[in-house]
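Chain residues, written in single-letter form:
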Amino acid sequence: MNDADHLDWAVRDTGLANGCHTGDVFHRGQLVAKLRLSVPGDHNLFNATAAIAACAAAGLSPADA
């Protein structure tokens, strides 16, 4: 069982690209998006995940968000 399986939304930090974080976004344990941020700071992974969740709640697919 994945740590993200019991959460509605989660992000897993997958590393750095040009000094900015990358990550995988999960919704209810399923990978729904991959992030490649253009701003530094691992906290921005959480911010981006929250933005994806908000967009999904409004009807936009996580991949499109």
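Quick caveat, the model's predicted, so the values are computed rather than measured.

> Even after reading the chapter, I still don't get the pattern of salt bridges, so can you show me in this structure?
A pair can form between side chains of opposite charge whenever their charged atoms are brought close. Scanning the model with the defined rule gives two salt bridges in all. A salt bridge links aspartate 8 to arginine 28; its shortest N-O distance comes to 3.3 Å. Linking aspartate 8 in the segment before strand 1 (9-17) with arginine 28 in the loop between strand 2 (20-27) and strand 3 (30-36), this pair joins segments that are 20 residues apart in sequence. For aspartate 8, a relative accessible area of 47% puts it in the partly exposed group. With a shortest N-O distance of 3.0 Å, aspartate 24 and lysine 34 are connected by a salt bridge. Within this pair, whereas aspartate 24 is found in strand 2, its partner lysine 34 is found in strand 3, the two being separated by ten residues in sequence. For aspartate 24, a relative accessible area of 11% corresponds to the buried category.

> Would you mind going over the environment of valine 25 with me for this structure?
Structurally, valine 25 is set in strand 2. On the basis of relative accessibility, which here comes to 0%, the residue valine 25 falls in the buried class. With 27 residues separating them in the primary sequence, valine 25 and isoleucine 52 have C-alpha atoms 8.7 Å apart. Leave out the neighbours within four places in its chain, and valine 25 touches Trp9, Ala10, Val11, Gln30, Leu31, Val32, Ala33, Leu35, Thr49 and Ile52.

> How do you make sense of the environment of histidine 43 when you look at a structure like this?
Relative to the assigned elements, histidine 43 resides in helix 1 (residues 43-57). Owing to a relative accessible area of 44%, histidine 43 belongs among the partly exposed residues under this scheme. Expressed as a C-alpha distance, the spacing of histidine 43 and histidine 21, which sit 22 residues apart in the sequence, is 9.3 Å.

> Sorry if this is basic, but what is going on with the sheet that holds strand 1 here?
Picture the strands of a sheet paired through backbone hydrogen bonds; they go either parallel or antiparallel. Taken in spatial order, the three strands line up as 1-2-3 in an open sheet, and their pairing is antiparallel. If you trace the sheet from one side to the other, it starts and ends with strand 1 and strand 3, each paired once. Direction aside, neighbouring strands of the sheet carry axes that sit 20 degrees apart on average. As defined by bridge partners, strand 1 adjoins strand 2 across eight bridges and the pair is classed as antiparallel. Within strand 2, the position partnered with alanine 17 by the bridge is cysteine 20.

Conventions we followed
- Residues numbered from 1 in each chain as written.
- Predicted model: local features only at pLDDT ≥ 70, side-chain atom pairs only at ≥ 80, totals over all residues.
- Heavy atoms only, no water.
- Salt bridge = Lys/Arg side-chain N within 4 Å of Asp/Glu carboxyl O.
- Helix = DSSP H or I, 4+ residues; strand = E, 2+ residues; numbered from the N terminus.
- Buried < 20%, exposed > 50% of the residue type's maximum accessible area, 1.4 Å probe, protein only.
- Contact = heavy atoms within 4.5 Å.
- Pairing = 2+ DSSP bridges.
- Axes fitted to C-alpha atoms, helices over the stretch in contact; angles between N-to-C directions.

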